[in-house]
Amino acid sequence: MKNAIIIRYCEIHLKGKNRGFFEKLLKDNIKKSLKDVDCTFTAMHSRYLIEDFDEIDYELICEKLKKIAGIHNFSPALVVENDFENIFEACKFLCKDKEGTFKVITNRADKTFSPNSMETSMLLGGRLLEIYGDKLKVDVKEPSFAVNVDIREDKKTFVYTDMIPCMSGMPVGSAGKGLLLISGGIDSPVAGYMICKRGMKLNALHFHSFPYTGEAAKEKVKKLTKKVGEYNGGINLFVVSFTHIQEEIHKNCPEEFMITIMRRFMMRIAEKIAIMNGDQTIITGESLGQVASQTIESITSSNSVVKMPVLRPLIAFDKIDIIDISRKIDTYETSILPYEDCCTVFLPKFPAIKPNLEKVIKAESKLDIDGLIDEALKNIEKFSF
Amino acid sequence: MIYLDNAATTKPSENAVNLAKKYLENCYFNPSALYQFGIDCSNDIKEAKEYILKTLGATNHNVIFNSCGSEGDNQAIFGLVKRGTFVTDKGEHSAVYKSFLELKNKGQNIIFCDLNKNGSVNTDKLFQIIKENRVDFLSIMHVNNETGAINDVALIGKKVKEINPKIIFHVDGVQSYGKIPFRITKDIDLFSISAHKINALKGTGALIIKKGLVISPIIFGGGQENGLRSGTENVFGIKTFQYASKEHYDSIKENYEKVLSFYNYFNENIDKENTITISNGNVSPYIFTFSVKGIRGEIMMHALEEKGVIVGNGSACSSKNRFSRVIEACGYSEEVLDGVVRISFSPYIDFEEIKEAVSIINSTILLLKRKMNK
């Protein structure tokens, strides 16, 4: 008996003539992710197979697979020769810790194998009941688990019971490139994850505001970006100093428009950095109505300074749902670390909730917008994870 | 760089490290080993203990070497009195404060005494607590690490024991050892100290304990330190501690005078209009804490860092636990709590650096005020 992992994809099935492109991309992403693990990787029809790995690496492989967009689920399996007794031993082994109801599903590609699929299922089920009759019962309609037996033409049989759900979505690299605006909060890493899941390759951009925000805040963002990068096959983080822009807005513009004008500057800078890196879109963690800068009027105001499409994957999500995802992707605990981010300094007491675009344009007219942006773009820090 | 966060930690003394270097390179033997090399190491640890007791003028105490001040505080609090009434003050370092909260979780009776405005314990209230309760254990810090306020622990010990001789009295001496001239009195049962606050290494500390007291270990194992603190002794750390102690104690009075001149310069020259001094009255000159009106402590800290002046801040700039628990207990308003900055000195700084630091701090306050307020 040998260990193997059967990997399945989902949405790629819906693709037509270009299906090969997606399959190859997913295959490459998996291979890249497992490059440091000693194992063999085989592409089969509609699924992939990992074999010949050390048992000690099993958990590591599982963790890696769970972070690859495009994989729907995987099953840890036992591989035996096409021989009834061997197959039964594998079934027995997999059921030893199981309880409840089950059925056996046999898929017999090797038509020379006897008995046939129905009979194999019945015989295996019967033999399992002989041993585990005290804790297992057969239920062919709604079993609590299924024992799957795949008898293949290459004289190998795969036996498995569990299907471990993964990210699903589309392979990273299949949906272009985007620039994620990342703060130190809960939402933006989740937005990044959601877009990775749809196959987009990400870069990230953070605005830093030293001395109003400290190194610890930047370290926190680096940590969060690295986490998002784990779902993205690595990621680059660009950090731009926002200090002077903030000071100038604070000095020259009405207090209630502070945040609105800041957001407009961030979008302008993001678009320029996106173009420099070949990114086709900007991604933000905005959620409609969550804070003053996320009303439709505020979004209109910040959106109007860029031509590039802006994706807001969380726009219709409730905070509680965003928190759930951030816990799932393990960014929540880092996001709630108590360091100031640049949105929270110079915070006006009464920000404009529904900023009027004309008034905003007038309010920022005192600033040397291009000059400030050029200055900010001169000093970009880059980190690769 | 002008480093003014010496209450957080200090730069290891090159001299002390060099003197102790042989314990890294040649005398690396296990002090519990029975061959001569091991016995020599064990004797060298004994010598360090005797030296540390001498610096404190202690004749009736022993030393347990450990890993840090927090460990000493924990062993003192959990190792002697198993149940009863435990008293401390609201200004204690977290090592004591959180240990008391743990005692409370375990069902013990806990009383936190109020502070004076500078962070010292309100002794009228403290003595009243001691009179009104059957107190078993008292822990008061010698020098407050956030404000520098000195508690006269010798006097407190004397009075407390007059009221109730059975009380076990612990003093957290981490910020005073090697800095404030002081003798351990017979009324002080336990005294915790830490090496890295006096230019020795992180990872070494000691608990001074009065002879005859039976304390339980919190780390069990090979029976080192007479069974009171198992784990192979950090000989290099201990010897560096001894040599750094010697450097400090050989010139403790001169150092004190020098640092006092730093404190006085700060106190006289800091921008009075825009700050409030918290380190007032009977305070250690090693710490000068003030609050900048209208500028958060963390922003001040980062702005000074940019100009090469490293200071500590009493308050973390976060929405949760934003304010220092200790300064809040001194009775200051939120505005003051928001702007707390802690300067802490070392005798190894030049007076010129102090002058430069004050000038940078004053100009930074003005600059930030101009930028942040319209």
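Residues numbered from 1 in each chain as written. Chains lettered and ligands numbered in written order. Predicted model: local features only at pLDDT ≥ 70, side-chain atom pairs only at ≥ 80, totals over all residues. Heavy atoms only, no water.

**Re the overall build of chain A**
Alright, step 1. Assigned secondary structure in chain A consists of 13 helices and 15 strands.
Alright, step 2. At 27 Å, chain A has a C-alpha radius of gyration far larger than the 21 Å of a compact globule built from 385 residues.
Alright, step 3. Classification of the 385 residues of chain A by burial places 54% in the buried group.
Alright, step 4. Here the analysis covers contacts within chain A between residues at least 6 apart in sequence; of these, 80% occur between residues at least 24 apart.
Alright, step 5. A total of about 17900 Å² of accessible surface is found on chain A, and carbon and sulfur atoms cover 54% of it.
Alright, step 6. Positive and negative charge centroids in chain A, built from 54 and 54 side chains respectively, lie 4 Å apart. (Helix = DSSP H or I, 4+ residues; strand = E, 2+ residues; numbered from the N terminus. Rg over C-alpha atoms; globule rule 2.2 N^0.38 Å. Buried < 20%, exposed > 50% of the residue type's maximum accessible area, 1.4 Å probe, protein only. Contact = heavy atoms within 4.5 Å. Areas by Shrake-Rupley, 256 points an atom, 1.4 Å probe, with all protein chains shown as cover. Lys, Arg positive; Asp, Glu negative; His and termini not counted. Charge placed at Lys NZ, Arg CZ, Asp CG, Glu CD.)

**Quick notes on the packing of helix H7 (residues 243-252) of chain A against helix H13 (residues 369-378) of chain A**
Helices that pack against each other are described as a pair by the angle of their axes relative to one another and the distance between those axes.
Residues and elements named next belong to chain A.
Alright, step 1. Contact geometry of H7 with H13 gives a least axis separation of 9 Å together with a crossing angle of 155°. It follows from the interaxial angle that H7 and H13 lie roughly antiparallel. Across the interface between the two elements, His-244, Ile-245 and Glu-248 of H7 pack against Leu-372, Glu-375 and Ala-376 of H13.
Alright, step 2. Here the contact of H7 with H13 is built from residues that sort into three nonpolar, one polar and two charged. (Axes fitted to C-alpha atoms, helices over the stretch in contact; angles between N-to-C directions. Parallel < 35°, antiparallel > 145°, perpendicular 65-115°, else oblique. Nonpolar A, V, L, I, M, F, W, Y, C, P; charged D, E, K, R; others polar.)

**Digging into the packing of aromatic side chains**
Alright, step 1. Evaluated as defined, the whole model comprises 25 aromatic pairs over all chains.
Alright, step 2. An aromatic cluster is present here, built from Phe-262, Tyr-263, Tyr-265, Phe-266, Phe-288, Phe-290, Phe-345 and Phe-351 of chain B joined pairwise through their rings.
Alright, step 3. In this structure, Arg-127 of chain A is placed above the aromatic ring of Phe-88 of chain A, and the distance from its NZ or CZ to the ring centre is 4.1 Å.
Alright, step 4. One residue, Arg-268 of chain A, lies across the ring of Phe-265 of chain A, its end atom 5.3 Å from the ring centre. (Phe/Tyr/Trp six-rings, centres within 6.5 Å; stacked < 30°, edge-to-face > 60°. Lys NZ or Arg CZ within 6 Å of the ring centre and 35° of its normal.)

**Here we look at empty space enclosed by the protein**
Residues and elements named next belong to chain B.
Alright, step 1. Taken as a whole, this structure holds one cavity of 30 Å³ or more when the rule is applied.
Alright, step 2. Lining the largest cavity are Asn-6, Ala-7, Val-143, Gln-175, Lys-179, Ser-284, Tyr-286, Ile-287, Ser-344 and Phe-345.
Alright, step 3. In terms of residue class, the lining of the largest cavity is built from five nonpolar, four polar and one charged. (1 Å grid on protein atoms, 1.4 Å probe; cavity = no way out; pocket = protein on both sides within 12 Å on 5 of 7 lines; lining within 4 Å. Points joined across faces, edges and corners; volume = space filled by probe spheres on them.)

**A closer look at the interface of chain A and chain B**
Alright, step 1. Taken residue by residue, the interface counts 16 residues in chain A and 14 residues in chain B.
Alright, step 2. Each partner contributes to the roughly 1300 Å² buried at the junction of chain A and chain B, and carbon and sulfur atoms together form 55% of this total.
Alright, step 3. At the boundary of chain A with chain B, the tally comes to one salt bridge.
Alright, step 4. Glu-247 of chain A is the salt-bridge partner of Lys-371 of chain B, the closest N and O atoms lying 3.2 Å from each other. (Buried area = accessible area lost by both parts, 1.4 Å probe. Salt bridge = Lys/Arg side-chain N within 4 Å of Asp/Glu carboxyl O.)

**Considerations on the sheet that holds strand S2 (residues 61-66) of chain B**
Residue and element names in this part refer to chain B.
Alright, step 1. Taken together, seven strands build an open sheet; the order of strands is S2-S8-S7-S6-S5-S3-S4 and the sheet is mixed. Strands at the two margins of the open sheet, each flanked by one partner only, are S2 and strand S4 (109-113). With strand direction ignored, the average angle separating the axes of adjacent strands in the sheet is 20°.
Alright, step 2. As paired elements, S2 and strand S8 (residues 205-210) share six bridges and run antiparallel to each other. Looking across to S8, one finds that Ile-64 is bridged to Leu-207.
Alright, step 3. Helix H5 (residues 94-105) contacts strand S3 (85-89), S4, strand S5 (137-141) and strand S6 (168-172) of the sheet and is inclined by roughly 150° relative to S4.
Alright, step 4. Across the face of the sheet, helix H6 (residues 123-132) comes into contact with S3, S4 and S5 while running at roughly 160° to S4. (Pairing = 2+ DSSP bridges.)

**With respect to the pattern of salt bridges**
Two side chains that carry opposite charge are able to pair once their charged atoms sit near each other.
Alright, step 1. This model, assessed by the stated rule, comprises 38 salt bridges over all chains.
Alright, step 2. Between Lys-125 of chain B and Asp-114 of chain B there is a salt bridge, with its nearest N and O atoms 3.0 Å apart. Taken together, the residues span a long stretch of sequence, with Lys-125 of chain B in helix H6 and Asp-114 of chain B in the loop between S4 and H6 at a distance of 11 residues.
Alright, step 3. Here Lys-125 of chain B falls in the partly exposed class, since its relative accessible area comes to 37%.
Alright, step 4. Where salt bridges share partners, they join Glu-215, Lys-218 and Glu-381 of chain A into one cluster.

**Digging into the confidence of the model for chain B**
Alright, step 1. The share of residues in chain B with pLDDT of 70 or more is 98%, and the mean pLDDT across the chain is 95.
Alright, step 2. As scored by the predictor, the complex reaches a pTM of 0.85 and an ipTM of 0.77. (pLDDT = per-residue confidence, 0-100.)

**What about the pairing of strand S10 (residues 287-292) of chain B?**
Residues and elements named next belong to chain B.
Alright, step 1. Across the six residues of S10, six count as buried, placing the element largely inside the fold.
Alright, step 2. The two faces of S10 match: Ile-287, Thr-289 and Ser-291 on one face and Phe-288, Phe-290 and Val-292 on the other face are all buried.
Alright, step 3. Where strand S9 (residues 275-277) lies against S10, three bridges are found, and the strand directions are antiparallel. Opposite Thr-277, over in S10, you have Phe-290 as the bridge partner.
Alright, step 4. Where S10 meets strand S12 (residues 340-344), five bridges bridge the pair, whose relative direction is antiparallel.

**Structural notes on the side chain of Arg-268 of chain A**
Alright, step 1. Tracing the backbone shows Arg-268 of chain A in helix H8 (residues 258-277).
Alright, step 2. We classify Arg-268 of chain A as buried; its relative accessible area is 12%.

**Remarks on a nonpolar patch on the surface**
Alright, step 1. On the surface, a nonpolar cluster with roughly 240 Å² of combined accessible area is contributed by Leu-129, Val-138 and Val-140 of chain A.
Alright, step 2. Note on Val-140 of chain A: relative accessible area 58%, which makes it exposed. (Patch = residues over 30% accessible without salt bridge, like charges linked within 9 Å, V, L, I, M, F, W, Y side chains within 5 Å.)

**Points about the environment of Ile-299 of chain B**
Alright, step 1. If you trace the backbone, Ile-299 of chain B turns up in helix H10 (residues 297-306).
Alright, step 2. Along the backbone, Ile-299 of chain B and Leu-368 of chain B are 69 residues apart, and their C-alpha atoms lie at a distance of 8.8 Å.

**Comments concerning the nonpolar core**
Alright, step 1. With 70 residues, the main nonpolar core has Phe-265 and Ile-269 of chain A together with Leu-4, Phe-266, Ile-343 and Phe-345 of chain B as its most contacted residues.
Alright, step 2. Examining the composition of this core, we find that 10 residues originate from one element, H8 of chain A, more than from any other.
Alright, step 3. Non-local contacts of Phe-345 of chain B, meaning those with residues more than four positions away in its chain, are made with Leu-4, Asn-6, Val-259, Phe-262, Tyr-263, Phe-266, Pro-285, Tyr-286, Ile-287, Phe-288 and Ile-354 of chain B.
Alright, step 4. The next biggest cluster of nonpolar side chains, apart from the first, holds 49 residues, and it includes Tyr-23, Ile-45, Ala-195 and Leu-201 of chain B. (Core = buried A, V, L, I, M, F, W, Y, C linked by side-chain atoms within 4.5 Å.)

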